[in-house]
Amino acid sequence: MAKAREQMAVLHSSLEQLKGQAQVNQKVIGERVEKLKDMRKEIEDIQTVADDMLRERELTEKEMAATQEDIAQEKELLHTQEMVTQQRLQVLEKSADWFKDRLAFNFKKTPAGRVQMILTCIDHKDPTRPFFFDLEVTPEGKYAVTACEPRVTDLDELVEKLNSTNNLRSFVITMRQRFKKMI
């Protein structure tokens, strides 16, 4: 019996040790479960951030694709406008050459922003002699002659008529006639 008590005491001692070990193990398991829960929460948070970043990346890629398409369309539009402008410039240059060659009439923009109209082939003794006048449109939308060489005596009346009729062609023809009368 003493042996049985001794074995019982040893077993009881082992049981207490096992209970103590079980409590330690339970505490460790509890800590690991909490750590695992924290890690799962972190993983979920990271997954949410990753999903948000993927959605943002997809949106950014779509925006970039749309922007690139817009840029391509703008380039195409600019190219088309440039071609139209070049064609129009060629027509205008051809017209200017025609005026210069056939009508002995040339025009250019002055540094002051006015248009200088130059007429030649008026003086038979010197066909290259230029007769010119500078024409501008005032802020009120009226024509004004700021320079004229040689000076035409009834220039003010001619400009008044130009402003009332708005017929620039007739004005240029009349100026050529006035210059011829001066020869």
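Up top is the structure.
Here's a quick rundown of the structure. (Residues numbered from 1 in each chain as written. Predicted model: local features only at pLDDT ≥ 70, side-chain atom pairs only at ≥ 80, totals over all residues. Heavy atoms only, no water.)

Side note on the overall build of the protein chain
Alright, step 1. A count of helical and extended segments in the protein chain gives three helices and four strands.
Alright, step 2. Helices (α) and strands (β) of the protein chain occur, in sequence order from the N terminus, as α-β-β-β-β-α-α.
Alright, step 3. Whereas a compact globule of 183 residues would reach a radius of gyration of roughly 16 Å, the protein chain reaches 49 Å, over 25% beyond that.
Alright, step 4. Across its three principal directions, the C-alpha atoms of the protein chain cover 160 × 30 × 25 Å.
Alright, step 5. A sequence separation of at least 24 residues applies to 30% of the contacts in the protein chain between residues at least 6 apart.
Alright, step 6. Taken as a whole, the protein chain presents about 15,200 Å² of accessible surface, with 55% of it coming from carbon and sulfur.
Alright, step 7. Each charge class in the protein chain was averaged separately, 30 positive and 32 negative side chains, and the resulting centres sit 4 Å apart. (Helix = DSSP H or I, 4+ residues; strand = E, 2+ residues; numbered from the N terminus. Rg over C-alpha atoms; globule rule 2.2 N^0.38 Å. Contact = heavy atoms within 4.5 Å. Areas by Shrake-Rupley, 256 points an atom, 1.4 Å probe, with all protein chains shown as cover. Lys, Arg positive; Asp, Glu negative; His and termini not counted. Charge placed at Lys NZ, Arg CZ, Asp CG, Glu CD.)

Points about the sheet that holds strand β3 (residues 131–137)
By definition, the strands of a sheet pair up through backbone hydrogen bonds, in either a parallel or an antiparallel sense.
Alright, step 1. Here we have four strands laid out as an open sheet, ordered β1-β2-β3-β4, and antiparallel in their pairing. Here the strands that pair on one side only, and so sit at the sheet edges, are β1 (105–109) and β4 (143–149). Here the average twist between neighbouring strands, direction ignored, is 25 degrees.
Alright, step 2. For strand β2 (residues 115–119) and β3, the ladder comprises five bridges, and the chain directions are antiparallel. Bridging across to β3, valine 115 finds its partner in leucine 135.
Alright, step 3. Packing of helix α2 (residues 155–165) onto the sheet brings it into contact with β3 and β4, and relative to β4 it is tilted by some 150 degrees. (Pairing = 2+ DSSP bridges. Axes fitted to C-alpha atoms, helices over the stretch in contact; angles between N-to-C directions.)

A word on unusual backbone geometry
Alright, step 1. Residue glutamate 149 is joined to proline 150 through a cis peptide bond whose omega torsion reads -5 degrees.
Alright, step 2. In this model, cysteine 121 sits at a positive phi of 60 degrees, which is unusual for a non-glycine residue.
Alright, step 3. Summarising the element assignment, cysteine 121 is placed in the loop between β2 and β3.
Alright, step 4. The residue asparagine 166 is not glycine, and still its phi comes out positive at about 60 degrees.
Alright, step 5. Tracing the backbone through its elements, the reader meets asparagine 166 in the loop between α2 and α3 (168–181).

Quick word on the environment of phenylalanine 133
Alright, step 1. Structurally, phenylalanine 133 can be placed in strand β3.
Alright, step 2. In this view, phenylalanine 133 contacts Val115, Gln116, Met117, Leu119, Val145, Ala147, Cys148, Phe171, Val172, Met175 and Phe179; residues no more than four positions away in its chain are not counted.

Digging into the nonpolar core
Alright, step 1. Grouped together as the largest cluster of nonpolar side chains are 19 residues, with contacts concentrated most on Phe133, Val145, Cys148, Leu155, Phe171, Met175 and Phe179.
Alright, step 2. Listed by contribution, the elements that provide at least two residues to this core are β2, β3, β4, α2 and α3.
Alright, step 3. Apart from residues no more than four positions distant in its own chain, phenylalanine 179 is found in contact with Leu119, Ile122, Phe131, Phe132, Phe133, Cys148, Glu149, Pro150 and Val152. (Core = buried A, V, L, I, M, F, W, Y, C linked by side-chain atoms within 4.5 Å. Buried < 20%, exposed > 50% of the residue type's maximum accessible area, 1.4 Å probe, protein only.)

Re α3
Alright, step 1. Its 14 residues place the ends of α3 20 Å apart at the C-alpha level, agreeing with the 20 Å of an ideal helix rising 1.5 Å per residue.
Alright, step 2. Those residues of α3 not exposed but buried are Phe171, Val172, Thr174, Met175, Arg176 and Phe179.
Alright, step 3. A side-chain oxygen of the first residue of α3 lies 3.4 Å from the backbone nitrogen of arginine 169; this N-cap is asparagine 167. (Expected span 1.5 Å × (residues − 1). Polar contact = N/O pair within 3.5 Å; in protein donor to acceptor, adjacent residues only side chain to side chain.)

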